[in-house]
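Next come the chains, spelled out residue by residue.
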Amino acid sequence: MSKRVAVMDLGTNTFHLLIADGDIDNYQEIVHYHEAVKLGEGGINKGYIAPEAYQRGIDTMQMFEQEIKANNATEARAIATSALRSASNGKDFISEVKAQTGIVIEIIDGEQEAGFIYQGVKISGCLSAQNSLIMDIGGGSVEFILGNADGIIWKQSFEIGAARLMDLFHRTDPIPPASIEALNQYLDEKLVDLFAAVKSSKIDTLIGSSGAFETFAEVIEVEKGHNFDLKTNKNYSFDEDELLMLIGKFVASSHKERAANKGIIPVRVDMIVAASLITRFIMTKLGIGKVSMCSNSLKEGVLAGMLEE
């Protein structure tokens, strides 16, 4: 008897709901929602959730609860990450959600988050015997996991997500060269632990987990006149030059140009600039030319654990 479970990934920009049943090697997605809650808007680096963002979050959780009931999921987990972890009113939000929907939100730390991301990427089948560096760019934090099909070698979460970087460095549009330089310098200082961890490892591939990497893949394919559906394209390998050219284009673009691009979902129109800069920084700094996208992430990792039990 296969069970039907629901996973909610409550991120800084987006709340995800995934309802699935079956077993982990062959599960069926029943519902897959992305809601652009933008929990970090107006307060991310001040350490609180602004009133409008707070309300959007509550409304979305009520909608999720209705979906979970309507689809008869027998078990549900709601996982909160960077924004709720670091917000002074995060606990109030969690209490209110429980009072209004009965959903109990679990706040996980960056280490646990990285562990779930690894599991999600692993079940998609894009890890090999060679070492990969998995990078998950969220709005609040970025997780790096060094590992292969056998397991995790090292993992860490850094509070340098795209919403935080945007708030710190991307205040004028297009982003000025001086701001790019400042952002790169900031990453250089913040990612010392990453550089130390990968120094003695040969990294075969940089795997971008969902988010911005889905946008990179979609825009590249759509510009070639191809259809690109993330439901069927769980993994995608980039051509290094194509990816760097696209990143350069995004970095030089104005809000208006990005908003007109069909391949960029609205919540990512501005975040994509900071995400592009982090991606280019890592590729350049670590000298990695082989980059791929994996559409699986934290929620699939949580799902794996629930379906295995």
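All figures in this text were calculated on a predicted structure; none of them were measured in a lab. (Residues numbered from 1 in each chain as written. Predicted model: local features only at pLDDT ≥ 70, side-chain atom pairs only at ≥ 80, totals over all residues. Heavy atoms only, no water.)

Draft legend 1. Structural detail: the packing of aromatic side chains. Considering all chains together, one arrives at 10 aromatic pairs under this definition. Among the aromatic side chains, those forming a connected cluster through ring pairs are F213, F216, F228, Y236, F238 and F250. The ring of F195 carries K285 above its face, with NZ or CZ at 4.6 Å from the centroid. (Phe/Tyr/Trp six-rings, centres within 6.5 Å; stacked < 30°, edge-to-face > 60°. Lys NZ or Arg CZ within 6 Å of the ring centre and 35° of its normal.)

Draft legend 2. The nonpolar core, seen in detail. Counting 53 residues, the largest nonpolar core has F144, L191, L194, F216, F238 and I282 as the members making the most contacts within it. For this core, the leading source of residues is helix α11 (residues 271-286), giving 10 residues. In contact with I282, other than residues within four places in its own chain, are L133, M135, F144, L191, L194, L206 and G287. (Core = buried A, V, L, I, M, F, W, Y, C linked by side-chain atoms within 4.5 Å. Buried < 20%, exposed > 50% of the residue type's maximum accessible area, 1.4 Å probe, protein only. Helix = DSSP H or I, 4+ residues; strand = E, 2+ residues; numbered from the N terminus. Contact = heavy atoms within 4.5 Å.)

Draft legend 3. Representation of the pairing of strand β11 (residues 291-294) in the model. With burial as the criterion, each face of β11 is covered, one bearing V291 and M293 and the other bearing S292 and C294. Here strand β9 (residues 205-209) pairs with β11 via four bridges, running parallel. In the sheet register, L206 faces β11, and the bridge partner there is V291. Relative to β11, strand β10 (residues 235-237) is paired through three bridges, and the arrangement is antiparallel. When the sheet's bridge partners are listed, S237 is paired in β11 with S292. (Pairing = 2+ DSSP bridges.)

Draft legend 4. Summary view of the sheet that holds strand β6 (residues 132-137). Spatially, six strands are ordered β8-β7-β6-β9-β11-β10 in an open sheet, and the strand pairing comes out mixed. Two strands lie at the open edges of the sheet, namely β8 (151-158) and β10, each paired on one side alone. Strand-to-strand, the axes of this sheet are offset by a mean angle of 20°, without reference to chain direction. Sitting on the sheet, α11 is in contact with β6, β7 (142-148), β9 and β11, with an inclination near 160° to β6. (Axes fitted to C-alpha atoms, helices over the stretch in contact; angles between N-to-C directions.)

Draft legend 5. Focus on the packing of helix α1 (residues 51-70) against helix α3 (residues 90-101). Contact geometry for α1 and α3: axes closest at 10 Å, N-to-C directions at 35°. Crossing geometry of α1 relative to α3 is assigned as right-handed. Along its contact with α1, which presents Y54, G57, I58, M61, Q62 and E65, the element α3 presents D92, F93, E96, V97, Q100 and T101. Looking at side-chain class alone, the contact of α1 with α3 contains five nonpolar, four polar and three charged residues. (Left-handed = near helix turned anticlockwise from the far one by under 90°. Nonpolar A, V, L, I, M, F, W, Y, C, P; charged D, E, K, R; others polar.)

Draft legend 6. Focus on the sheet that holds strand β2 (residues 14-23). If you trace the five strands from one edge of the open sheet to the other, you get β3-β2-β1-β4-β5, paired in mixed fashion. This sheet does not close on itself; its edge strands, each paired only once, are β3 (26-36) and β5 (105-107). With strand direction ignored, the average angle separating the axes of adjacent strands in the sheet is 20°. Examined bridge by bridge, strand β1 (residues 4-10) and strand β4 (residues 75-80) share six bridges and lie parallel to one another. Residue pairing in the sheet places V5 in a bridge with E75 of β4. Contacts from α1 reach β1, β2, β3, β4 and β5, with the element oriented near 15° to β2.

Draft legend 7. Just the environment of E309, in detail. Take E309: it is sitting in the segment after α12 (298-308). Between the alpha carbons of E309 and D21 there is a distance of 13 Å; along the sequence they are 288 residues apart. Discounting residues that sit within four places of it in the chain, E309 has contacts with K3 and E75.

Draft legend 8. Spotlight on the state of the cysteines. In total, this model carries zero disulfides according to the counting rule given. You can see C126 has no disulfide; the closest cysteine sulfur is in C294, sitting 3.4 Å from it. For C294, a relative accessible area of 0% corresponds to the buried category. (Disulfide = S-S within 2.5 Å.)

Draft legend 9. The arrangement of the environment of V121 in detail. In this fold, V121 is placed in helix α4 (residues 110-123). Judged by its relative accessible area of 0%, V121 falls in the buried class. Measuring from C-alpha to C-alpha, the distance between V121 and Q28 comes to 17 Å, with 93 residues separating the pair along the chain.

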